[in-house]
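Results of the structural survey
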Amino acid sequence: MPAAKSPISTENLVKRYDKYNEIGPISITLERKMIFGFLGPNGAGKTTTIRMILGLVQPNEGSVRIFGEDPFKKPVKALYKIGYAPELPSFQTFFSGEDVMNFTAKLYGINQSDKRRRIKGLIEMVGLGDHARKKVGKYSKGMVQRLSVAQALINDPELLILDEPTLGMDPAATIHFRDLFKTLSSEGKTILISSHQLDEVQRVATHIGMINRGRMVFQGTTASILEAFSKDFSIKIELEKINDDILDKIKKLSYVKEVKISTNGIQVILNEKKDLRADLADDIIKSGGRLKTLSLHNATLEDAFIETLRKENK
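Most of helix α1 (residues 46-53) is tucked away: six of the eight residues are buried. Among all positions of α1, only K46, T48, T49, I50, M52 and I53 are buried. A positive backbone phi angle near 80 degrees is found at G55, which sits one or two residues after α1.

So, on to the side chain of R178. Counting through the fold element by element, R178 comes out in helix α6 (residues 171-186). A relative accessible area of 13% means that R178 is categorised as buried. Setting aside residues no more than four positions away along its own chain, R178 makes contact with E200, R203 and V204.

Strand order in the open sheet formed by four strands is β11-β12-β10-β13, and the pairing between neighbours is antiparallel. The open sheet has two free edges, formed respectively by β11 (256-262) and β13 (291-297), since each of these has just one partner strand. Sheet twist, expressed as the mean angle between neighbouring strand axes with direction ignored, is 20 degrees. Two strands pair when backbone bridges link them, and strand β10 (residues 234-239) and strand β12 (residues 265-270) are joined in this way by four bridges, in the antiparallel orientation. Of the residues in β12, the one forming a bridge with I237 is I266.

Here we take up unusual backbone geometry. Backbone torsion omega between G24 and P25 reads 5 degrees, so that peptide bond is classified as cis. Inspection of the secondary structure puts P25 in strand β2 (residues 21-30). Although it is not a glycine, R213 sits at a positive phi angle of roughly 50 degrees. Residue placement: R213 occurs in the loop between β8 (207-212) and β9 (215-221). According to the relative accessible area criterion, R213 is exposed, its value standing at 54%.

Quick look at empty space enclosed by the protein now. Scanning the entire structure with this criterion turns up one cavity of 30 Å³ or more. Here the largest cavity defines a volume of roughly 100 Å³. Broken down by secondary-structure element, the contributors of at least two residues to the lining of the largest cavity are α6 and α7 (198-204). Among the residues making up the lining of the largest cavity, the classes are represented as five nonpolar, four polar and two charged.

Rules used throughout
- Residues numbered from 1 in each chain as written.
- Predicted model: local features only at pLDDT ≥ 70, side-chain atom pairs only at ≥ 80, totals over all residues.
- Heavy atoms only, no water.
- Buried < 20%, exposed > 50% of the residue type's maximum accessible area, 1.4 Å probe, protein only.
- Helix = DSSP H or I, 4+ residues; strand = E, 2+ residues; numbered from the N terminus.
- Contact = heavy atoms within 4.5 Å.
- Pairing = 2+ DSSP bridges.
- Axes fitted to C-alpha atoms, helices over the stretch in contact; angles between N-to-C directions.
- 1 Å grid on protein atoms, 1.4 Å probe; cavity = no way out; pocket = protein on both sides within 12 Å on 5 of 7 lines; lining within 4 Å.
- Points joined across faces, edges and corners; volume = space filled by probe spheres on them.
- Nonpolar A, V, L, I, M, F, W, Y, C, P; charged D, E, K, R; others polar.

Printed below as a string of structure tokens:
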């Protein structure tokens, strides 16, 4: 059986449509305060997996628990602790944003005094304070996404499941929500984010799971996955002045594998997959060099994603 009190715990979930179309087995365990980035190409099985977790699609095999509860046997008890924002939220266009929030609060049985305070706070939190009474039919796509996230938070859930939550948002809003998700996690909420925006997932997720052709192909901390897909770690540096003496000293450092010089600066390739920027900066200064810039370069989540798909699709 899955772990009893984990926010999400699935064990060998399988959904079988026919002998050529099967999703699973999928086993995922999320711990409290984790931000889990759920990745995969279109048609890989992400949405179906989420629907099985929410108790909307019955698996052929396996089990799922939400804080120890079976969403198929005790849906109200299991799902009350969840906030869910779908990829393409649909609201009545004649409702205002405030109307949507009021309606949702009533469904959860939130009392009048708490409801007013909570709605006002959430609408401000997602940046819709000036648009609360505007009809949803006049909202932009990004505004609809903001409202969907606010709605998902109305019951103060312990677990948030967000499908493409920043789709259609401008860069400023995307940064705002990135910070918001980190804050919610630090306050104790567990978050599952399904997204194609790999750069954003890399910036916010503590853990990653990638599904392809219905199978989980890798899963782990974001840092461990990026390290596994990095052939080398390198540090790009710019010096106020480059001379042979400084370069020779850099080349002789025990942790340096190779030094490459280009018009864009100096690339120092390391022997180990470690962030040694502080060490390198200290050694350059001790050698008489003067640093202008210094940045670490290793694999990105996009690199890992593309490399995994390349191997899987051979």
